[in-house]
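One-letter residues, chain by chain:
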Amino acid sequence: MATATRTASGSEPAAAQRPLTAEPSHEIDIHQLSKSFPHAAGGEAQHILREVDLTVQGGEFFILLGPSGCGKSTLLGLIAGFVSKTSGRLLVGGHEVERPGPDRAVVFQQADSSLFPWLTVRENVEFGLRMKKRKAAERRAVSDRYIGLVGLAGHEDKFPRELSGGMKQRVQLARVLANDPAILLMDEPFGALDAMTRRTMQRELVRIWRDTGKTVIFVTHDIQEALLLGGRIGIMSPGPSSRISHIYDVPLAYPRDLADPAFHELYARVQGHFDE
Ligand SMILES: Nc1ncnc2c1ncn2[C@@H]1O[C@H](COP(=O)(O)OP(=O)(O)OP(=O)(O)O)[C@@H](O)[C@H]1O
């Protein structure tokens, strides 16, 4: 069996992984968190998550890895405040999560459903700032920064229909970043992209994370993606009644090298976990 960090209580990530801007207010603390959904036909409730324990420190890049249907999106939705818990505790920055808040933003797999098709790239990115009634000059400065950060400079006046899938995903990311949430909750954000675009986006995301020091929780069922991105990887057991059964530290420097024997070794350990 793989030697993993058994505790879900937040071991220190390797110093190399820790961005300079880590803040306690960006920390997520989950204790004995359970979620059940009522059965559609009125039968017994479905226990999706049972007594999940997890601490994610401010500025960490944490991966939730698990088989399809185990409850990864549900856990992300609970942290986002879109899904209400059945029992347990879920704290962000020391405060119990009761609803969505500006400190947490979700990036979904399909950018199409989150972008406004009638707004340009710049208008999409500035949307949240406009809602907050920020002045035009400030909106412009912020949108310039994040459009640049995601590599879309020169595309500001295009509409979503004029963009590729990868570009739309970048707009979604820039829009989320422009609102400056402390925590990015990413639900298989690159799952619909072709392999090359996906690889580029993974690299960009690591760069953005290191530049901004945000806490990232990233859902995937792809072990390679998990190892390319994460400082720690939380493995969810198959549902029902899923929990985080193991946490792996990824003590590899960025950018991760697919040809690195240490990468292969860790891949095999994580894979072996699923083969058990
Ligand atoms: N609103 C809901 N009502 C009832 N059951 C739900 C609801 N949302 C999710 N579920 C159930 O919870 C379980 C976990 O779903 P979830 O989407 O969280 O899994 P996942 O690990 O993200 O899956 P995937 O990797 O396939 O996206 C599934 O059995 C799903 O049918």
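The rules behind the values
- Residues numbered from 1 in each chain as written.
- Predicted model: local features only at pLDDT ≥ 70, side-chain atom pairs only at ≥ 80, totals over all residues.
- Helix = DSSP H or I, 4+ residues; strand = E, 2+ residues; numbered from the N terminus.
- Rg over C-alpha atoms; globule rule 2.2 N^0.38 Å.
- Contact = placed C-beta atoms within 7 Å.
- Near = placed C-beta within 6 Å.
- Expected span 1.5 Å × (residues − 1).
- Pairing = 2+ DSSP bridges.
- Axes fitted to C-alpha atoms, helices over the stretch in contact; angles between N-to-C directions.
- UniProt positions renumbered as here; feature names shortened; annotations may be inferred.
- Domains from an automatic or database assignment.

A.B. asks: Can you walk me through the overall build of the protein chain in this structure?
C.D. replies: A tally of helices and strands in the protein chain yields seven helices and ten strands. Relative to its length of 276 residues, the protein chain is compact, with a C-alpha radius of gyration of 19 Å against a globular reference of 19 Å. With the C-alpha coordinates aligned to their principal axes, the bounding extent of the protein chain is approximately 55 × 50 × 35 Å. Long-range pairs, those at least 24 residues apart, make up 72% of the contacts in the protein chain between residues at least 6 apart in sequence.

A.B. asks: So what exactly am I meant to see when it comes to the site of the ligand here?
C.D. replies: Residues in close proximity to the ligand include F37, I48, G66, S68, G69, C70, G71, K72, S73, T74, H221 and G239, which together make up its full environment. A per-element tally of the shell around the ligand places helix 1 (residues 72-80) first, with three residues.

A.B. asks: Would you take a moment to explain helix 5 (residues 195-212) for this structure?
C.D. replies: Since the α-helix advances by 3.6 residues per turn, residues separated by three or four positions end up pointing in the same direction. The first and last C-alpha atoms of helix 5 sit 26 Å apart over 18 residues, in line with the 26 Å expected at 1.5 Å per residue. Buried positions along helix 5 lie against strand 3 (61-65), strand 8 (215-220) and helix 6 (223-229). Positive phi shows up at G213, right after helix 5, with a value of about 70 degrees.

A.B. asks: What's the story with the sheet that holds strand 8 in this structure? I'm lost.
C.D. replies: If you walk across this open sheet you meet the six strands as 6-7-8-3-9-10, and the pairing is mixed. Edge positions in the open sheet fall to strand 6 (104-107) and strand 10 (244-249), since each of these has one partner strand only. The average angle at which neighbouring strand axes cross in this sheet is 20 degrees, direction not considered. Examined bridge by bridge, strand 3 and strand 9 (residues 232-236) share four bridges and lie parallel to one another. Residue pairing for strand 9: L65 is matched across the bridge by I235.

A.B. asks: Just checking my understanding: could you explain the environment of L129 for this structure?
C.D. replies: Position of L129 among the secondary structure elements: in helix 2 (residues 121-131). Considered as a pair, L129 and I183 are 54 residues apart in the sequence and their alpha carbons are 17 Å apart. In contact with L129, other than residues within four places in its own chain, are R134, R139, V142 and A178.

A.B. asks: Would you mind showing me how to read the UniProt feature "domain: ABC transporter" (unreviewed entry) in the protein chain here?
C.D. replies: As annotated by UniProt and renumbered to match this structure, "domain: ABC transporter" (unreviewed entry) occupies residues 28-263. Annotated as residues 28-263, this span is 32% helix and 25% strand, and its ends, taken at the C-alpha atoms, are 27 Å apart.

A.B. asks: Quick question: what am I supposed to make of the domain arrangement of the protein chain here?
C.D. replies: Interface size is often expressed as the accessible area that is lost when the parts come together. What the domain assignment lists for the protein chain is domain 1 (23-37 + 47-103 + 182-276) and domain 2 (115-180). Between the C-alpha centres of domain 1 and domain 2 the distance comes to 25 Å. The partner domain 2 presents nine residues to the eleven residues of domain 1 that form the contact. The element best represented in the side of domain 1 that touches domain 2 is helix 5, accounting for five residues.

A.B. asks: Would you mind showing me how to read the sheet that holds strand 2 (residues 46-56) here?
C.D. replies: What links the strands of a sheet is backbone hydrogen bonding, and the strands pair in either a parallel or an antiparallel sense. With antiparallel pairing, the four strands of this open sheet are ordered in space as 2-1-4-5. What marks the edges here is a single partner per strand, and that holds for strand 2 and strand 5 (95-96).

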